[in-house]
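Remarks on the overall topology
The chain contents come next:
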Amino acid sequence: MSSDSTAATVIGKVFLVGAGPGDPGLITVRGAECLAQADLVLYDGLVNPLLLRLTRGICERTARARQTDVAIVAQADINARLIHEAKAGRTVVRLKGGDPYIFGRGSEEAAALREAGILFEVIPGVTAATGAGEYAGFSFTHREISSSVAFVTGHEDPSRKETRLNYRALAAFPGTLVFYMGLGRLKEICENLQVAGMAKSVPAAVVCHVSLPSQKVVEGTLETLPALAAAQNLKPPSLIVIGECVKQRAQLSWFENLPLFGVSIGVTRPEEQAEDVAQRIVRKGGEPVMMPMIEVGPVNQHHQTEIARVVRQLGRFHWLVFTSVNGVAEFFRHLRDAKLDTRCLGNAKIAAIGPSTAERLQDFGISADVVPPEYRAESLAKAMEKQVRGKTVLWVRASRGRDVLPRMLTDVGALFAQLVVYENRDVETLSPDVECRLKSGTLDWIGLSSPSIARHFAKLLKTSGITPNDLKTRIATISPVTSAAARESGLTVAQEATVYTWDGILQAIERARS
Ligand code: SAH
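Since the model is a prediction, treat every value here as computed from it, not as a measurement. (Residues numbered from 1 in each chain as written. Predicted model: local features only at pLDDT ≥ 70, side-chain atom pairs only at ≥ 80, totals over all residues. Heavy atoms only, no water.)

1. A closer look at helix α19 (residues 502-513)
What counts is decided by this rule: The helix count covers DSSP runs of H or I at least four residues long, the strand count covers runs of E at least two residues long, and both are numbered beginning at the N terminus. A helix is expected to reach a length of 1.5 Å times the quantity of its residues less one. Whether two residues touch is decided by their heavy atoms; if any such pair falls within 4.5 Å, the residues are in contact.
Over its twelve residues, α19 extends 17 Å from the first C-alpha to the last, a length consistent with the 16 Å expected when each residue adds 1.5 Å. If you follow the buried residues of α19, they end up packed against β11 (264-267), α10 (275-283), β18 (445-448), β19 (474-477) and β20 (495-496).

As structure tokens, this is what we get:
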């Protein structure tokens, strides 16, 4: 290495990470670790943006326009950027769809890094083909059907007259063929294989959007597939799978049978509480669309002063009550700002409204003494009421919230105080993406989880010029009270949860499908 060892120590490192084919759960554990450490993530157009929730770094897309396949950011510029950022001391993740080295140009990036003297690691990913095998239901190799599999590019330089692919060899290949980047040339590929001697009856399929809620499979034979696919208006990215294994789908497919497969659902919860709901939707085969109605911000000067005062007297409280994940995070941030840590809590007992809040407390080394059976203020107050008579209780809260806790706990003799650690306010507009999906009818459902969220959603529709009657998106609410608020605001409620949680909303949507 260079003789200048001090310079070498501040240089960052680049991790070339495979993101998998689409389902965010298909990234490797190592890939997720790299994302958690990244200062900067440069991700390509095939990467599912839900994966970006695994990082706190800055995220930038280096997209290729899908239709024309023209690079918006040239490969040389990406290489130069990776080198530049690493030299500036940053930990960079270059996140690439599928596997970095399978038709991914990852090796070119690695070679450029080596040449520039930048350290790198490469983390494999589930390539689109193997993703398609499992998620569509065909086993590329099988003791009785196929002893080999070939990954082939269907994309060739359009300016070249002759094909470089050796169709004779491909037609004679003793196993499954999987073509990447071939949708635009489907007809040509199927015809060339037949001309080269492959039987027209060989099973063949196109698989689009592997492992995503929009996954679509068209099955046929070498002879019939081009026409069948053309009739479906298929969208890339997609693969062409050719071989006997295509027939196994009848037995092996499972993904498309998940209860919410293909269903897009707007999640109106505040962003920091939406993670588990998004996860559940993905695991049921659906697409979560984040559209928080409330956003979180820093507190005003008045609350700042109050926080600075109260954090110095925390030892005098018998109880501290946390009612949101965000409240926990903000509380400890304020403690840190005041150069304090958990020791200043003394022997205070800790209550958390639900499992996520309790889990966040664990991050700060605190096990909650009380977590009520139901994730509601009433349930929390009930769980605490026998223990708080004559005791000082501090509720760590957001600027807005219900008054259930102070009311119920004061009634049973607690000395109740409150500390606002973050501001929550209504968002002012729908995001352009959500607005577009509502107007074009490409969002299937919206879950409304409180009366105020229902009212605010109705207001945002109005701001966007959408009349509730024109709305093709169906509405599922969390409870009769929320349904009533939605109807009063002019919305039509299609489903109502019988269990008053977000899981209940998802179950209601599932019921509507069956
Ligand atoms: N490195 C990637 C491939 C990049 S080349 C990998 O290992 O998967 C881009 C091609 O990959 C697309 O044209 C398509 O053929 C295929 N592809 C990527 N993601 C896909 C997906 N979710 N569904 C179907 N094909 C996909």
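2. Quick look at the environment of His456
Counting through the fold element by element, His456 comes out in helix α17 (residues 451-463). Along the primary structure His456 and Ser489 are separated by 33 residues, whereas in three dimensions their C-alpha atoms are 9.0 Å apart. With sequence-adjacent residues up to four places away left out, His456 is seen in contact with Met293, Asp426 and Val427.

3. As for the nonpolar core
Among soluble globular proteins, nonpolar side chains are generally buried collectively. We count it as follows: Grouping buried Ala, Val, Leu, Ile, Met, Phe, Trp, Tyr and Cys residues that are joined through side-chain atoms within 4.5 Å yields what is termed a nonpolar core. Each residue is placed in one exposure class: buried if its accessible area under a 1.4 Å probe, protein chains only, is under 20% of its type's maximum, exposed if it is over 50%, and partly exposed if it falls in between.
Ranked by size, the top nonpolar core spans 28 residues in total, and within it Leu314, Leu320, Phe322, Phe331, Leu345, Leu361 and Leu394 carry the most contacts. At the level of secondary structure, the elements contributing two or more residues to this core comprise α11 (301-310), β14 (319-322), α12 (325-337), β15 (349-352), α13 (355-363), β16 (392-398) and β17 (415-426). Non-local contacts of Leu361, meaning those with residues more than four positions away in its chain, are made with Phe322, Val328, Phe332, Ile350, Ala352, Ile366 and Ala368. Of all hydrophobic cores here, the second largest spans 24 residues; its members include Ile189, Val218, Ala229 and Leu234.

4. A few points about the site of the ligand
Using the following cut-off: Here a residue is near a molecule or strand as soon as one of its heavy atoms is found within 4 Å of it. Two N or O atoms count as a polar contact when they lie within 3.5 Å, although within protein this holds only if one can serve as hydrogen donor and the other as acceptor, and sequence-adjacent residues are included solely when both atoms are side-chain atoms. With residues, only the protein chains shown are counted as cover, and all accessible areas are computed by Shrake-Rupley using a 1.4 Å probe. Note that Gly is not counted as nonpolar here; it falls among the polar residues with everything else outside the nonpolar set of Ala, Val, Leu, Ile, Met, Phe, Trp, Tyr, Cys and Pro and the charged set of Asp, Glu, Lys and Arg. Each domain's extent was defined by an automatic or database domain assignment.
Asp99, Ile102, Thr127, Met181 and Ser238 are the nearest of the 18 residues found near the ligand. A distance of 2.6 Å separates an oxygen atom of the ligand from a polar atom in the side chain of Thr127. Calculation on the ligand without its partners gives an accessible area of 540 Å², and the protein chains cover 91% of this total. Looking at side-chain class alone, the shell around the ligand contains eleven nonpolar, six polar and one charged residues. Taken together, domain 1 (11-126) and domain 2 (165-257) each give at least three residues to the shell around the ligand, which thus spans both.

5. Regarding the packing of aromatic side chains
Definition in use: Under the pairing criterion, centres of Phe, Tyr and Trp rings, with the six-membered ring standing for Trp, must be within 6.5 Å; the plane angle then separates stacked pairs below 30 degrees from edge-to-face pairs above 60, leaving the rest tilted. Only lysine NZ and arginine CZ atoms are considered, and such an atom sits over a ring when it is within 6 Å of the ring centre and within 35 degrees of the ring normal.
Scanning the entire structure with this criterion turns up eleven aromatic pairs. By way of ring pairs, the aromatic residues Tyr135, Trp254, Phe255 and Phe261 are connected into one cluster. A cation over a ring is seen here: Arg397 above Trp395, with NZ or CZ 4.4 Å from the ring centre.

6. Details of helix α18 (residues 480-488)
Put simply, the test is: The arc refers to the directions leading from the helix axis to the C-beta atoms.
Taken together, the buried positions of α18 are Thr482, Ser483, Ala485 and Ala486. One side of α18 carries all its buried residues, which in axial view fall inside an arc of 165 degrees. Counted as exposed and oriented over 90 degrees from the buried face of α18: Val481 and Glu488. Packing partners of the buried residues in α18 comprise β18, α17, β19 and β20. Gly490, located one to two residues past α18, shows a positive phi value of around 90 degrees.

7. Some thoughts on the domain arrangement of the protein chain
It is common to report an interface's size as the accessible area lost on association of the parts. On domain assignment, one finds that the protein chain holds domain 1 (11-126), domain 2 (165-257), domain 3 (264-293 + 427-513) and domain 4 (297-426). Averaged C-alpha coordinates put domain 1 and domain 4 at centres separated by 40 Å.

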